[in-house]
Amino acid sequence: MSSALTDLFPHPIVQAPMAGGVSVPQLAAAVSEAGGLGFLAAGYKTADGMYQEIKQLRGLTGRPFGVNVLVPQPEYAESGAVELYAQQLAGEAAWYETELGDPDSGRDDGYDAKLAVLLDNPVPVVSFHFGVPSREVLEALRRAGTLTLVSATTAEEALAVERAGADAVIAQGVEAGGHQGTHRDTPENDGAGIGLLSLIAQIRETVAIPVVAAGGIMRGGQIAAVLAAGACAAQLGTAFLPAPESGAHPQHKQALTNPLFARTELTRAFTGRPARALVNRFLREHGPYAPAAYPEIHHLTSPLRKAAAKAGDAQGMAMFAGQGHRMARELPAGELVEVLAAELAAARTALSDVRWPGGDAR
C-alpha cells in the first residue's frame, strides 16, 4: 500500500492542506504538476465550495491530488468559559469595529455533505484531521478508488488509524504549524507533544501501514532524514506558505522571516484548539486565557481575524506556522518542489558517501 500511495507522485513531497484560504487550487496544481502531491483543504468551506475548488483544480492539472476533511468534534459543555472569553475579547471587537462571531455556528463543518461529494466525485486521496473516521467511511472511500490518510500525534492514535482501516497515517510532530491533529482534545496534555523523529520511530514500531511525516520540514535534507527514519513521504506546509500561488495573506508571508516574529507557540487563542502560530500581540494577550472549546472559539474569533487581515494588522491575525518558519523561501511552488527534490538527492548521495572511522563507506 506504500507503493500505491507513493506511485501517485514521483517526489516524496506532500503539500500540507492548510485551511483558511491558503491551500487554493493554484497551489495544489503547481505542486502536483512538479511531481509532488498537492492538497486542497475542505475545512471551513461548504460542501459546494469544496466541490467547486476540486473542479477548478482538475481544470489546472491532470495529476493526482488530495482533499483534507476535518472530523466533527464532540459537544463542548462549558458555555460559561466561552462567554468569559467573549467578554475578554470585547476590546478587540471594539478596536477592529466588528462584532464577535456566534460560537454556536456549527460543529460538524458539513462533514456528511462533504463525504457525499467525495463519494460521488472521487479524488485520488482524502486525508482526515482531528480524529479517525468510521470504518464504514474509510471502506466507502476505498470502494470509490480513493486512498485514505489520517493524522496521528501519538503511537496510540496511529494504532487507532490502522484499526479503522486507513491506508496510511500522517505522523504529525509537535513542530508542525497549524492545528495539532490530536484525536481527543484534552487540556492536561497541552505541551506534551512528541518531536517528529521520535514520533516516526514509535509509530513504525506500532503499526504496519505507511507513514507520512509532518512537522517543521523545510529542506530536502530533512526529507531525507524522515525517509531514513521510516516515512514513505514528507508533508510540508509552512515551506509552501510564501509561494506566489499560496492564498496566505501578504502579511502572513512576510512575517515568516520577519525578525519581529522570532518564534512560534502552540496556542488556543484563535480557535480553542492547540495550533502552532507565530507569536504576536493577540496570542500573547489572549492565549493564557483561551478555553479548550473548538470550534466555538474558532467561530467567536473569526470576525476579529478577518478584520485584522483586512486592516493588514499582523498583530491581530492568526499566522499559523511551523517551527522551521525562519527557513522559508519565497519560491514558486513548482520550483520549490524541484529544489527540495534536488536537496533530497544531494543528501542521499552525501549519506551514501560517508566513511565511518575504521570502516568502509556506508
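Look up a bit, the structure's there.
**Considerations on the packing of helix H4 (residues 79-88) against helix H13 (residues 296-311)**
Here comes step 1: Following both chains from N to C, one finds H4 and H13 inclined at 20°, their axes separated by 11 Å at the closest point. Relative to H13, the element H4 lies roughly parallel. Relative to H13, the crossing made by H4 is right-handed. Residue-level contacts link Val82, Tyr85 and Ala86 of H4 to Glu296, Ile297, Leu300 and Thr301 of H13.
Here comes step 2: Looking at the contact of H4 with H13 residue by residue, the classes come out as five nonpolar, one polar and one charged.

**A short note on the side chain of Arg268**
Here comes step 1: Mapped onto the secondary structure, Arg268 falls in the loop between strand E10 (264-267) and strand E11 (275-278).
Here comes step 2: A relative accessible area of 6% means that Arg268 is categorised as buried.
Here comes step 3: Residues within four places of Arg268 in sequence aside, it is in contact with Asp185, Thr186, Pro187, Asp190, Arg273, Pro274, Ala290, Pro291, Ala292 and Ile297.

**Quick word on the nonpolar core**
The nonpolar side chains of a soluble globular protein tend to be buried with one another.
Here comes step 1: Counting residues in hydrophobic clusters, the biggest one holds 95 residues, and the most contacted among them are Val67, Leu118, Phe128, Ile223, Leu236 and Phe240.
Here comes step 2: In terms of nonpolar packing, the next biggest core, distinct from the first, is built from 14 residues, Leu5, Leu37, Leu147 and Ala168 among them.

**Structural notes on helix H7 (residues 135-143)**
Here comes step 1: Of the positions making up H7, those classed as buried are Val137, Leu138, Ala140 and Leu141. The buried side chains of H7 occupy one side of the element, clustering within an arc of 160° when seen end-on. Exposed residues on H7 whose side chains face more than 90 degrees from its buried face are Glu136 and Arg143.
Here comes step 2: Contacts from the buried residues of H7 go to helix H6 (111-120), strand E4 (125-129), strand E5 (147-152) and helix H8 (155-164).
Here comes step 3: Positioned one or two residues after H7, Gly145 has a phi angle of 90°, which is positive.

**What about the sheet that holds E10?**
Here comes step 1: Taken together, three strands build an open sheet; the order of strands is E7-E11-E10 and the sheet is antiparallel. The open sheet is flanked by strand E7 (178-179) and E10, the only strands paired with a single partner.
Here comes step 2: Where E7 lies against E11, two bridges are found, and the strand directions are antiparallel. The partner of His179 across the bridge, within E11, is Ala275.

**Quick look at unusual backbone geometry**
Here comes step 1: That bond from Tyr294 to Pro295 is cis: its omega, 10°, falls within 30 degrees of zero.
Here comes step 2: Within the fold, Pro295 resides in the loop between helix H12 (281-286) and H13.
Here comes step 3: For Tyr44, which is not glycine, the phi torsion reads 70° and is therefore positive.
Here comes step 4: Assignment of secondary structure puts Tyr44 in the loop between strand E2 (38-41) and helix H3 (47-60).

**Structural notes on the pairing of E2**
Here comes step 1: The two faces of E2 match: Gly38 and Leu40 on one face and Phe39 and Ala41 on the other face are all buried.
Here comes step 2: Where E2 lies against strand E3 (residues 65-70), four bridges are found, and the strand directions are parallel. Across the sheet, the residue bridging to Phe39 is Gly66, located in E3.

**Quick word on H3**
Here comes step 1: Helix length check: H3 (14 residues) gives 20 Å between terminal C-alpha atoms against 20 Å at 1.5 Å per residue, within 8%.
Here comes step 2: Residues of H3 that are buried in the fold lie against helix H2 (25-33), E2, E3 and H6.

**Comments concerning the pattern of salt bridges**
Here comes step 1: As enumerated under the stated definition, the model contains 12 salt bridges in all.
Here comes step 2: With a shortest N-O distance of 2.8 Å, Arg268 and Asp190 are connected by a salt bridge. One end of the pair, Arg268, is in the loop between E10 and E11; the other, Asp190, is in the loop between E7 and helix H9 (196-204), and 78 residues separate them in sequence.
Here comes step 3: Of the charged contacts, one joins Glu343 and Arg329 as a salt bridge, the two residues approaching to 2.6 Å between their closest N and O atoms. Linking Glu343 in helix H14 (residues 333-352) with Arg329 in the loop between H13 and H14, this pair joins segments that are 14 residues apart in sequence.

**Some remarks on the sheet that holds E3**
Here comes step 1: Pairing in this open sheet of eight strands is parallel, and the strands run E1-E9-E8-E6-E5-E4-E3-E2 from one edge to the other. The sheet terminates laterally at strand E1 (13-15) and E2, the two strands that pair on one side only. Going across the sheet, the axis of each strand differs from the next one's by a mean of 25°, ignoring polarity.
Here comes step 2: Pairing of strand E8 (residues 211-214) with strand E9 (residues 233-236) involves three bridges; the strand directions are parallel. Along E9, the bridge assignment pairs Val212 with Ala233.
Here comes step 3: Sitting on the sheet, H2 touches E1, E2 and E3, and the angle it makes with E2 is about 160°.

Criteria and cut-off values
Residues numbered from 1 in each chain as written. Predicted model: local features only at pLDDT ≥ 70, side-chain atom pairs only at ≥ 80, totals over all residues. Heavy atoms only, no water. Axes fitted to C-alpha atoms, helices over the stretch in contact; angles between N-to-C directions. Helix = DSSP H or I, 4+ residues; strand = E, 2+ residues; numbered from the N terminus. Parallel < 35°, antiparallel > 145°, perpendicular 65-115°, else oblique. Left-handed = near helix turned anticlockwise from the far one by under 90°. Contact = heavy atoms within 4.5 Å. Nonpolar A, V, L, I, M, F, W, Y, C, P; charged D, E, K, R; others polar. Buried < 20%, exposed > 50% of the residue type's maximum accessible area, 1.4 Å probe, protein only. Core = buried A, V, L, I, M, F, W, Y, C linked by side-chain atoms within 4.5 Å. Arc of directions from axis to C-beta. Pairing = 2+ DSSP bridges. Expected span 1.5 Å × (residues − 1). Salt bridge = Lys/Arg side-chain N within 4 Å of Asp/Glu carboxyl O.

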